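Okay, here's what each chain looks like letter by letter:
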Amino acid sequence: MSCSRRDLLKNTFKATLASTLPLSAFKMLSPAQVKASVGDANVRWVFLVDTQKCVGCGLCVKACKNENEVPYDPPITRTWVERYVLMKNGQSHIESPFGGRDGYTDTSIHENEIPADQIAKGFFVSKLCNQCKKPACVQVCPVGATYQTLDGVVLVDRKWCIGCGYCIMACPYGMRFFHPVHKVAEKCTFCYHRIIKGMKTACVQNCPFEARLIGNLKDPNDPVTKIIMNQRVSVLKDEYGTKPQVYYIGLDTNVR
Amino acid sequence: MKNHVLRPLFVVIIGVALLLVVRHFMVPADFGVQEGGNFTYNFHRLSNVEDWKNFKVKYRGREYCQECHEENAASILDSPHEVIQCENCHGPAIDHPDNPETLAIDTSRAQCLRCHTYLPYPTSQRSELPGIDPQDHNPGENCVDCHNPHNPDLENM
Amino acid sequence: MSVENIVAQGGEHLAVHGLEWTTKELFTYPNEFIYWSIQIVMYPYMTGLVAGAFVLSSLYHVFGQQDLKNMARFSLVFSLALLPVAMMPLQFHLQQPLRGINVMFTPHFTSAIAAFGIVFSTYAVIVLSEIWFVYRQFFVDQVNTLKGKEGAKDRIMYYLYIVLTLGAFDTSDEAVAKDKKAVKILAAIGIPIACFLHGYAGFIFGSVKANALWMSPLMPVIFIMSAIVSGIALCMLTYIIIMEWKKWSTIIAKGKGDESVKMLAGAELDVITKTSRYLLGFLVAAITLELLDLIFRGYTAMKSWDILRSVMYGKDFINIFLLQYTLGNLVPFIMLLVPGLTIRRVFFALIFVLFGVFMMRWNVVIGGQAFSLSFAGYMHYHLPIIPHSMETFKEGLFGAMTVAATPFVLFYFINKVTPSLEYK
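Residues numbered from 1 in each chain as written. Chains lettered and ligands numbered in written order. Predicted model: local features only at pLDDT ≥ 70, side-chain atom pairs only at ≥ 80, totals over all residues. Heavy atoms only, no water.

Draft legend 1. Representation of the overall build of chain C within the structure. Secondary structure summary: chain C contains 14 helices and two strands in total. The C-alpha radius of gyration computed for chain C amounts to 24 Å, which stays within 12% of the reference 22 Å derived for 424 residues, consistent with globular compactness. On the principal axes, the C-alpha backbone points of chain C span a range of 80 × 50 × 40 Å. Sorting the 424 residues of chain C into buried and exposed places 55% on the buried side. Put simply, chain C shows about 18,300 Å² of open surface, and 71% of that area lies on carbon and sulfur atoms. Charged side chains in chain C number 31 positive and 26 negative. The centres of these two groups are separated by 6 Å. (Helix = DSSP H or I, 4+ residues; strand = E, 2+ residues; numbered from the N terminus. Rg over C-alpha atoms; globule rule 2.2 N^0.38 Å. Buried < 20%, exposed > 50% of the residue type's maximum accessible area, 1.4 Å probe, protein only. Areas by Shrake-Rupley, 256 points an atom, 1.4 Å probe, with all protein chains shown as cover. Lys, Arg positive; Asp, Glu negative; His and termini not counted. Charge placed at Lys NZ, Arg CZ, Asp CG, Glu CD.)

This is the structure in structure tokens:
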């Protein structure tokens, strides 16, 4: 070999620099994001869903499926949008066909035509993994294939999961499912590969109406943290004690 | 002959030892509890976090498109559609223009109806979007034949 | 979205686990399917049989029930044959069957399934050692008889038995007495472990807080009781079949009026009457606990009660109240209680009991997934019958029947090495 060790080092250094430059040159990482990228425990990712703003276009679901390689047509999904139509007589109509991936383009629900003048409330609620502080799904994994990162995101190790389905059973929110290709438990990761690079999750980025936001709860200046701290927010199904970390604005008692 | 009663126990001990040896080779070296974490929630193959971090980013955002498709970006940013990301209508960029070389152009009605089908929901922003009844509003024709998706302002029609 | 679209997408060939056998009604979350299907029904059922069979064999070894001597040998060896079958449904069910061993490699003890792996292995070790002590003398005898014999089969068996003795050839009275004592101790330790093993299966379900039907501290106890019921019932049933077989062969050999036939019949009825009293006791305990659970849920009427009630009293009424409680519990209870017990009546009562316990497992596992986590919709399970893929075989009727048949096949082979029916 004619290449000396010093050359090798130099070249490696150059190559590394060259490959990282374009990315870092255009992006200013906030201190929180830098900390997150090294797995710092001073970051706690949380999510905020504003149901008042959601119009049910389903672009978040579409983006999520494409971004995270969740097969597009099978009826499983990491995130979804539910439609609630509550009638003046107290009756409720709830649905989420294909997770609302193609939006809601019809006034009828479950093949029932809904008379417009009878509607008391109608709204959309989007759902995604609550990245619980005390995730029941992680507690029951027999092999340590699913876990919580120090910045609060629950991930699944696709190389170690045995596919027993216990985590799917343990999740009170029905977030988990089996990936049809990898044949292991699958779930929302808050787009971990994006947030640690300082980007928004695919669903947040592609929501035109800012109905979805992601932030760092441990950063008091984060706009999401400010809303969670200063406004009236709620979470889903807190009775299970899993301490969910997706906060909602404008929930209704009918929301499941 | 000495006491034979313990023999099954020896077999068990050999079995356990064997299992431990196999385990040593089969279990990744970095399997364990993450520093600063606990056994209940942070017990895993530590390098798996890296696997997830290296997952491919596919949606690049409007700023990226702007670099090359200035005109479209400028047009849409100055229109009622400024809130909509390019990739919502054209699909994820991934490594475009290297791979794929071009992005899809979807002119179907479904593309627009996600937002523009009128739904009479009093408590939702949906009813405040400019809405049409797909059955009545020029059925059978593509919306983009009449409306410019990058600048749908009715005054520019 | 148009209807054609949905149909076209439903026909997509990527297999979504659960989609095949689940139909949904009203509002369910998109990812909800019947993920735990027939194999998870088989799993506690088979584990229950293992535990029950072992407990029965221990009645002889620990409490010295002499009339159970042959029965004890049989049920011990049979519980060995059942052992791997308790694991089999889990293997069939795993999406990554080859990684099943990870449970032993990196057990995550906050999970009931991880600890189950350890408890199960401990139990397996106890059963195996007990069998070794019971049969050690026989192994040594075999080595001595087969020594020097020509023929491939004899040579193989010779070496097999040598390995099986583990090098302990001592058959002095002293050594054999030690064997007996070891058997007694192991059988005694085995009883609580067998119960623990099965209580654990109950814990796996009872600790799932997300599931309104499963979540109950009574679940492990209910599972233990019904396990013992099913185990005793299966052993009694097999005992009856074996005794009838003996009776018939005696009749053929010696004629119907022979004294020994009457003796056999008398002894059989005696054992069965005695054992059926234990069975009745455990049956009462099991039913009481299940009813307590039901009444408690109805009385406290938590948020989930509305949907639970609609499942129990509506969708699953036949499965729960007719098949499980009436046919599986009440009918055999009365049959066993009415005086003047006959073998034929016990025989049918036992079949009903076994069926009732199976239905109980079914109603827990499938019934627990019959309603959505949203409490606003239902899911229906359609057992795949004709398999058209690996998945529909594994998690279908044929997969379940494979599991149910395996112990008998295994028993056939194990019984060649450790004869439990003829050797006395």
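After presenting the structure, the write-up continues.
Draft legend 2. The overall build of chain B, seen in detail. Assigned secondary structure in chain B consists of eight helices and two strands. Order of helices (α) and strands (β) in chain B, N terminus to C terminus: α-β-α-β-α-α-α-α-α-α. Taking 2.2 N^0.38 as the reference for a compact globule, 157 residues should give roughly 15 Å; the C-alpha atoms of chain B span a radius of gyration of 30 Å, well beyond that estimate. Projected onto its principal axes, the C-alpha positions of chain B cover 105 × 40 × 35 Å. Scored against the burial criterion, the 157 residues of chain B give a buried share of 32%. Per element, the accessible surface of chain B, about 9,700 Å² overall, is 57% carbon and sulfur. Of the charged side chains in chain B, 12 are positive and 22 negative, and the gap between their average positions amounts to 24 Å.

Draft legend 3. Examining the interface of chain B and chain A more closely. Contacts between the two partners involve 48 residues from chain B, matched on the other side by 62 residues from chain A. Per-residue buried area on chain B facing chain A is highest for Tyr41(B), Trp52(B) and Arg114(B); these three make up 20% of the total on that side. Summed over the shared surface of chain B and chain A, the number is three salt bridges. With a shortest N-O distance of 3.1 Å, Lys58(B) and Glu69(A) are connected by a salt bridge. (Contact = heavy atoms within 4.5 Å. Buried area = accessible area lost by both parts, 1.4 Å probe. Salt bridge = Lys/Arg side-chain N within 4 Å of Asp/Glu carboxyl O.)

Draft legend 4. View of a positive patch on the surface. On the surface, a cluster of positive charge is contributed by Lys133(A), Lys134(A), Lys218(A) and Lys243(A). Along the chain, the position of Lys133(A) falls in the loop between strand S4 (119-127) and helix H4 (136-139). (Patch = residues over 30% accessible without salt bridge, like charges linked within 9 Å, V, L, I, M, F, W, Y side chains within 5 Å.)

Draft legend 5. Just the domain arrangement of chain B, in detail. Entries for chain B in the domain assignment read domain 1 (57-106) and domain 2 (108-147). Placing a centre on the C-alpha atoms of domain 1 of chain B and another on those of domain 2 of chain B gives a separation of 22 Å. (Domains from an automatic or database assignment.)

Draft legend 6. Main features of the side chain of Arg114(B). Examined against the element boundaries, Arg114(B) turns out to sit in helix H7 (residues 109-116). For Arg114(B), which is buried and forms no salt bridge, the nearest opposite charge comes from Asp102(A), at a distance of 4.0 Å. A polar contact of 2.9 Å, which involves the side chain of Arg114(B), links it to the backbone oxygen of Arg101(A). (Polar contact = N/O pair within 3.5 Å; in protein donor to acceptor, adjacent residues only side chain to side chain.)

Draft legend 7. Just the pattern of salt bridges, in detail. Counting across every chain of the model gives 23 salt bridges over all chains. Note that Asp51(B) is salt-bridged to Arg45(B), the shortest N-O span being 3.1 Å. A residue is classified by how much of its surface remains accessible, and Arg45(B), at 9% relative accessible area, is buried. Linking Glu268(C) and Lys247(C) is a salt bridge whose minimum nitrogen-to-oxygen distance equals 3.9 Å.

Draft legend 8. Expanded view of the packing of aromatic side chains. Residues and elements named next belong to chain C. Summed over all chains, the structure comprises 41 aromatic pairs over all chains. Here Phe 74 and Phe 78 contribute two aromatic rings whose centre-to-centre distance is 5.4 Å and whose plane-to-plane angle is 20 degrees, an arrangement assigned as stacked. Of the two residues, Phe 74 and Phe 78 are both situated in helix H3 (residues 69-93); the distance of four residues between them amounts to about one turn of the helix. By the burial criterion, Phe 74 is buried, and Phe 78 matches it. (Phe/Tyr/Trp six-rings, centres within 6.5 Å; stacked < 30°, edge-to-face > 60°.)

Draft legend 9. Focus on the sheet that holds strand S3 (residues 92-95) of chain A. Residue and element names in this part refer to chain A. Across the sheet, three strands lie side by side as S3-S2-S4; this open sheet has antiparallel pairing. Two strands close off the open sheet at either side, each with one partner strand: S3 and S4. On average, each strand axis in the sheet is tilted by 15 degrees relative to the strand beside it, whichever way the strands run. Pairing analysis gives four bridges linking strand S2 (residues 80-87) to S3, with the strands arranged antiparallel. In the sheet register, Leu 86 faces S3, and the bridge partner there is Ser 92. (Pairing = 2+ DSSP bridges. Axes fitted to C-alpha atoms, helices over the stretch in contact; angles between N-to-C directions.)

Draft legend 10. Representation of the interface of chain C and chain A within the structure. Chain C puts 46 residues into the contact, and the matching count from chain A is 59 residues. Buried area between chain C and chain A, both sides added, is near 4,400 Å², and the carbon and sulfur share of it is 61%. Along the contact surface separating chain C from chain A lie one salt bridge. One salt bridge in this structure joins Glu239(A) and Lys303(C), with 3.4 Å as the shortest N-O distance. Here chain C is connected to chain A by 25 residue pairs in polar contact (both at pLDDT 80 or more).

Draft legend 11. Broad picture of helix H9 (residues 259-300) of chain C. For H9(C), with 42 residues, the first-to-last C-alpha span of 61 Å sits near the 62 Å given by 1.5 Å per residue. One or two steps after H9(C), the chain reaches Ala301(C), where phi turns positive at roughly 40 degrees. (Expected span 1.5 Å × (residues − 1).)

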